[in-house]
Every structure is written in C-alpha cells, then in structure tokens.
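Report on the structure
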Amino acid sequence: MSDSAQKDIDVFIAASVSSGTVVLVGAVFLASCVEMVEALTIVLAVGHTRGWRSAFEGTGVALLVLSALVAAFGPALVHVPLNILRLFVGGVLLIFGMQWLRKSILRATGLKAKHDEDAIYEETVATLRATGVTPGRDRIAFVLAFKGVFLEGLEVIILVITLGTSAHRLGLAAAVAAIAVVLVGLCGVIVAKQLSSVPENALKMSVGILLVTYGTFWSGEGLRVRWPGGDTTLLGLAAIYAVVTWLFVLALRREVGARRIGTNA
Amino acid sequence: MNDRPSVITRLIKGFGQFWWDFLVGDTPELFVAALVTIGVTALLSEGGHFNGAAIVVLPVLAVLALASSLLRALRFSRRK
C-alpha cells in the first residue's frame, strides 16, 4: 500500500473516531443536563421549604444507591455479546429518543404545554407546605428529594451505561455525565432557585435527535448492517433527523396557526 | 392481618412500572413502531444481500413512526 493511501486511511479512521466521540459526548452531556435540572428543581423546592438537611440526605442516599447500581450492572454489561448489546441498546435509544423528540416538537409548536420548572417548583412547595412538619427527621422531605434524584438519575445512568458500553467509552461517558451533574449543581448553588431560565425544550430536542441517531446506528450495527463510512454515518443521521425535526415543527406550527385563525374567524 | 405487599413485591412492581413508563408510557405507538422497524431491518439484513435497503429502511421507518405519532397527537388535540 502506498504512503498516501495509508495516510488517507489514517485520516479517515481519525475522523470516524472523533465524530463518534463528539456525538457521544454531546448526547450524554445534554441528556444529563436536562435530567439534572429536573432533579435539582425538586431538591431546591424541598430544601427551601423543609430545610436543607433532609434535602441533602435524600440526595446523598439516592446518589449512593445509583452508584451501587452502576457498580453492579456496569461491568456486567461488558460480558454481553456486542451485537446483542447494541441491538438492545439501539432499540431502547430509538424508543426513548423518539419519545423525547415527539414531546419537544409538540412543545415547540404549542400542542403541548412547555415543561415549566417554575410551576413544578411552586407545586412541590405547595405540597410540602400542606403537610405539617414532623419533629425529628423530615421523612416526607427526605423521600421527595430521594425520589427526584433517584428517578432522574436512573435515566442518566441508563443512558451513560448503554451509550458508553456500546461505544466502548464507558469511562468517557461517565466523566461527561459527572461534569454535567456538577455544572448543573453549581448553577443551582449560584441561582439558589428553580432553573426555569434553562432552555429545556431546545436541549431536549437536541438530545432527542442524538438519541434517535444512536438508536438507528446501533440497531443497525446489532443487525449486522454495514453503515457506509462507519462511525461518520452518525453525523449524517444526526443531520437528517435534525432537518426532519425542523420540517415537522414548521408543518405543525402552520397547522396550529391555521387552526387558531379558524377559531378566531 | 397485614394486607400490605412485601418489600420485594413492591420493588419488583416499581421496577416493572419504571421500565413500562420508560419504554411505553403514553406513546405505545412508538414502542410498537420501534419493534416493527427493527423487525423489518432484521429481515432485510438477514439475507446479506439487502444491506443497502436496510440502511435506507431503518431511518425512513423511524421518521414515519415519529410522523404517525405526531399526527396522532394532532388529532387528539383537535378533539379537545
């Protein structure tokens, strides 16, 4: 093989690796941010209303349980045959990604109410105020903080383990998720209130596109489909899904607009 | 007699409920569509001669699934 041909192959492999990594990092980071904003809203509402001790205890125990789950199931997944793992992960990501994309498109077009962190915060505060404070440990506050962090964290962990294991980059995926959690946590400390200013729907739409992209790619890999260009196909799929999403938003906005004119006439 | 289910029962129920909400939730059509998409691609890729078709069919079926789910949501909102 000539030197120039070898050089071309090296450049192609480097491009494939970096494009796969960029999509992986983007998907894990954005998904972790979205889920952690939701968890933080609940923890802040609990902390402000019932005191920080129970809020921190609930958060801490949830993080411990989540860590134990990662330690138990993360390494075990490495032993599952890669094709089966990728098919399962691809299927899960395809379903989950389409759900996120659908929800964010409906919210962007006004067919579904936007996820309002302010409303969730107020609702949680009202619920907590309605229940009397018990002496000693605040069980309700603990359970609420635990559930908020555990359920949102579980979604992050499923994404980190599935995306990370299938791409053979579990360490990178975990590190990116940890950075996202710390960043969102720092934002929470700085603003010390609900995170309604975070453009959650735009984030959710981006994550939806990336999850459907990975879902398509890995379902195919699991079924031994040979994608032209290997990992670089991820960028092409992401571009196609982004354009399709944009077209869906435009079409639905036109439909909703026409309906409003019809109602007012 | 205590009628409350045991901790194990509640854990199993909670675990099942989590995965049901996670994968099916209020959009069962997307769950079914993903299974159909994977099934059709599996049939195409099984022969080994239809790799090109599988590459096209997989994303196209995913887009169609999303479109049909959005149309369902639109129809539902019209009824309200």
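Quantities reported herein were computed from a predicted structural model and do not represent experimental measurements.

1. Looking at helix α7 (residues 200-222) of chain A
Residue and element names in this part refer to chain A.
- Between its first and last C-alpha, α7 extends 32 Å over 23 residues, near the 33 Å set by a 1.5 Å rise per residue.
- Counting buried residues in α7 gives 20 out of 23 residues, a clear majority hidden from the surface.
- Of the residues flanking the end of α7, it is Arg-224, one or two places downstream, whose phi is positive at about 65 degrees.

2. Focus on the environment of Gln-99 of chain A
- In this structure, Gln-99 of chain A sits in helix α3 (residues 82-108).
- Judged by C-beta crowding, with 24 C-beta atoms within 10 Å, Gln-99 of chain A ranks as buried.
- C-alpha of Gln-99 of chain A to C-alpha of Val-212 of chain A: the two residues are 113 residues apart in sequence and 9.4 Å apart in space.
- Those residues in contact with Gln-99 of chain A, other than ones at most four positions away along the chain, are Gly-25, Thr-27 and Leu-30 of chain B.

3. Considerations on the packing of helix α2 (residues 28-46) of chain B against helix α3 (residues 51-79) of chain B
All names here are of chain B.
- Direction vectors running N to C along α2 and α3 enclose 165 degrees, while the axes themselves pass 9 Å from each other. Relative to α3, the element α2 lies roughly antiparallel. For the pair α2 and α3, the sense of crossing is right-handed. Contact with α2, carried on its side by Glu-29, Leu-30, Ala-33, Ala-34, Thr-37, Val-40, Thr-41, Leu-44 and Ser-45, involves Asn-51, Ala-53, Ala-54, Val-57, Leu-58, Leu-61, Ala-62, Ala-65, Ser-68, Ser-69 and Arg-72 of α3 and no other residues of that element.
- Class assignment of the residues belonging to the contact of α2 with α3 gives a composition of 12 nonpolar, six polar and two charged.

4. Some details on the interface of chain A and chain B
- Across the boundary between the two partners, chain A contributes 26 residues, which contact 25 residues of chain B.
- Looking at the side of chain A that touches chain B, the elements that each hand over two or more residues are α3, α7 and α8 (233-264) of chain A.
- Counting residues per element, the side of chain A that touches chain B draws most heavily on α3 of chain A, which supplies 10 residues.
- Grouping the amino acids of the side of chain A that touches chain B by side-chain chemistry returns 17 nonpolar, five polar and four charged.

5. A short note on the environment of Asn-51 of chain B
- Residue placement: Asn-51 of chain B occurs in helix α3.
- By C-beta crowding, Asn-51 of chain B is classed as partly exposed, having 16 other C-beta atoms within 10 Å.
- Setting aside residues no more than four positions away along its own chain, Asn-51 of chain B makes contact with Val-225 and Arg-226 of chain A together with Ser-45 of chain B.

Conventions we followed
Residues numbered from 1 in each chain as written. Chains lettered and ligands numbered in written order. Predicted model: local features only at pLDDT ≥ 70, side-chain atom pairs only at ≥ 80, totals over all residues. Helix = DSSP H or I, 4+ residues; strand = E, 2+ residues; numbered from the N terminus. Expected span 1.5 Å × (residues − 1). Buried ≥ 20, exposed ≤ 12 C-beta atoms within 10 Å, placed from the backbone. Contact = placed C-beta atoms within 7 Å. Axes fitted to C-alpha atoms, helices over the stretch in contact; angles between N-to-C directions. Parallel < 35°, antiparallel > 145°, perpendicular 65-115°, else oblique. Left-handed = near helix turned anticlockwise from the far one by under 90°. Nonpolar A, V, L, I, M, F, W, Y, C, P; charged D, E, K, R; others polar.

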